[in-house]
Amino acid sequence: MADESPAENTAAQAAPQIQMRVLGQFIRDLSFENVMAQKGVSGDVQPEIAVQVNLDAKKRPTEHQYEVAVKLNLTSKAKGMEDVLFLCELDYCGLFHIEGVAEDQLHPFLMIECPRMLFPFLRRIVSDITRDGGFPPVNLDNIDFVALYRNELMRRQAEAQKTEA
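Quick notes on the rules
- Residues numbered from 1 in each chain as written.
- Predicted model: local features only at pLDDT ≥ 70, side-chain atom pairs only at ≥ 80, totals over all residues.
- Heavy atoms only, no water.
- Buried < 20%, exposed > 50% of the residue type's maximum accessible area, 1.4 Å probe, protein only.
- Helix = DSSP H or I, 4+ residues; strand = E, 2+ residues; numbered from the N terminus.
- Pairing = 2+ DSSP bridges.
- Core = buried A, V, L, I, M, F, W, Y, C linked by side-chain atoms within 4.5 Å.
- Contact = heavy atoms within 4.5 Å.
- Axes fitted to C-alpha atoms, helices over the stretch in contact; angles between N-to-C directions.
- Left-handed = near helix turned anticlockwise from the far one by under 90°.
- Nonpolar A, V, L, I, M, F, W, Y, C, P; charged D, E, K, R; others polar.
- Phe/Tyr/Trp six-rings, centres within 6.5 Å; stacked < 30°, edge-to-face > 60°.
- Lys NZ or Arg CZ within 6 Å of the ring centre and 35° of its normal.

Participant: Got a minute to help me understand the pairing of strand E4 (residues 84-99) in this structure?
Facilitator: Regular strands have side chains that alternate between both faces of the sheet. Counting buried positions along E4 gives 12 out of 16 residues, so the element sits mostly inside the fold. Between strand E3 (residues 65-78) and E4, which pair antiparallel and follow one another directly, the connecting turn spans 5 residues, one of which, Gly80, has a positive phi of 80 degrees.

Okay, structure coming up:
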C-alpha cells in the first residue's frame, strides 16, 4: 500500500466532503383528467405529449435541510388535432439533508442534483397514473436538469436586462 504524499493528504482534507441524504419524498399535488373519456370520444388516436417542468427549492427550518419540488405538467393531444386526450399535473417533493456544498454552489446543486434523484420516482408515478387513467403508460424521457437550469439562468438574465433598459 502506497503512502499519500503530504500535498495529496492536505488537498483531501481541504476539500469538504459533500453529504446528501434523501429524508423523504411525497406527492404534494396530483391531478389527472381523462378529457377524451369525459367527452365520450373513443377510437384509436395518435397522442402527442407536451411536458413542462418547473423546479423550486427552499430552505427548511432545520439546519442543512431543504425541500425541492419538481412540478410536471403533461398535456396529450391527438396528433394533428387540437383535441386534448388527457391532462396530468404532478407536484412531487423531496426533503434533503445536504452538507459540504459551497454556498455559491448550493442553488445549482438543489436545482440539478436533487431533481435528478427524484426523477425515477416521478417517471414511475406518471407511468402508473396514465396507465390507470385509461391510456398506454407514458414513460418520460430523461430530463436534462443542467440544461433546464442554464436556460432558466439565461431567461432571468434577459429579463433583468429588459428591466434595466
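Participant: Got a minute to help me understand the nonpolar core in this structure?
Facilitator: Generally speaking, soluble globular proteins have nonpolar side chains that are buried together. Of all hydrophobic cores here, the largest spans 32 residues; its most connected members are Leu72, Leu74 and Ile98. Secondary-structure elements contributing two or more residues to this core are E3, E4, helix H3 (103-132) and helix H4 (145-164). In terms of residues, this core owes the most to one element, H3, which gives 11 residues. In contact with Leu72, not counting residues within four places along its chain, are Val51, Gln52, Val53, Cys88, Glu89, Leu90, Leu122, Val126, Leu140 and Ile143.

Participant: Can you walk me through the environment of Met36 in this structure?
Facilitator: Structurally, Met36 is set in helix H2 (residues 35-38). Between the C-alpha atoms of Met36 and Gly134, which are 98 residues apart in sequence, the distance is 9.8 Å.

Participant: Please explain the packing of H3 against H4 as it appears in this structure.
Facilitator: In helix packing, the relevant descriptors are the interaxial angle and the interaxial distance, both defined with respect to the helix axes. Their axes nearest at 9 Å, the elements H3 and H4 cross at an angle of 145 degrees. The handedness of the crossing between H3 and H4 comes out as right-handed. On H4, the residues touching His107, Pro108, Met111, Ile112, Pro115, Arg116 and Phe119 of H3 are Phe145, Val146 and Tyr149. Across the contact of H3 with H4, the residue classes tally to 8 nonpolar, 1 polar and 1 charged.

Participant: Looking at this structure, I do not really get the packing of aromatic side chains. What am I missing?
Facilitator: The relative placement of two aromatic rings is captured by the distance of their centres and the angle of their planes. Applying the stated criterion across every chain yields a total of 4 aromatic pairs. Ring centres of Phe86 and Phe135 lie 4.9 Å apart, and the angle between their planes is 50 degrees; on these two criteria the pair is classed as tilted. Here the residue Phe86 occupies a position in strand E4, and Phe135 occupies one in the loop between H3 and H4, the gap between them amounting to 49 residues. With respect to burial, Phe86 and Phe135 carry one shared label: buried. Taking the centre distance of 6.3 Å and the plane angle of 70 degrees together, the rings of Phe119 and Phe145 count as edge-to-face. Of the two residues, Phe119 is situated in helix H3 and Phe145 in helix H4; the sequence distance between them amounts to 26 residues. Here Phe119 matches Phe145 in class, with each residue buried. Taken together, the ring pairs in this structure connect Phe32, Phe86 and Phe135 into an aromatic cluster. The cationic tip of Lys59 hangs over the ring face of Tyr66; the distance from NZ or CZ to the ring centre is 5.1 Å.

Participant: Help me understand the pairing of E3, please; the structure alone is not making it clear to me.
Facilitator: Extensive coverage of E3 is indicated by the burial of 10 of its 14 residues. Relative to E3, strand E2 (residues 47-59) runs antiparallel, the two being bridged by 13 bridges. Opposite Val51, over in E3, you have Leu74 as the bridge partner. What sits between the antiparallel neighbours E2 and E3 is a turn of 5 residues, in which His64 has the positive phi angle 70 degrees. Sheet analysis places E3 next to E4, joined by 13 bridges and oriented antiparallel. Across the sheet, the residue bridging to Gln65 is His97, located in E4.

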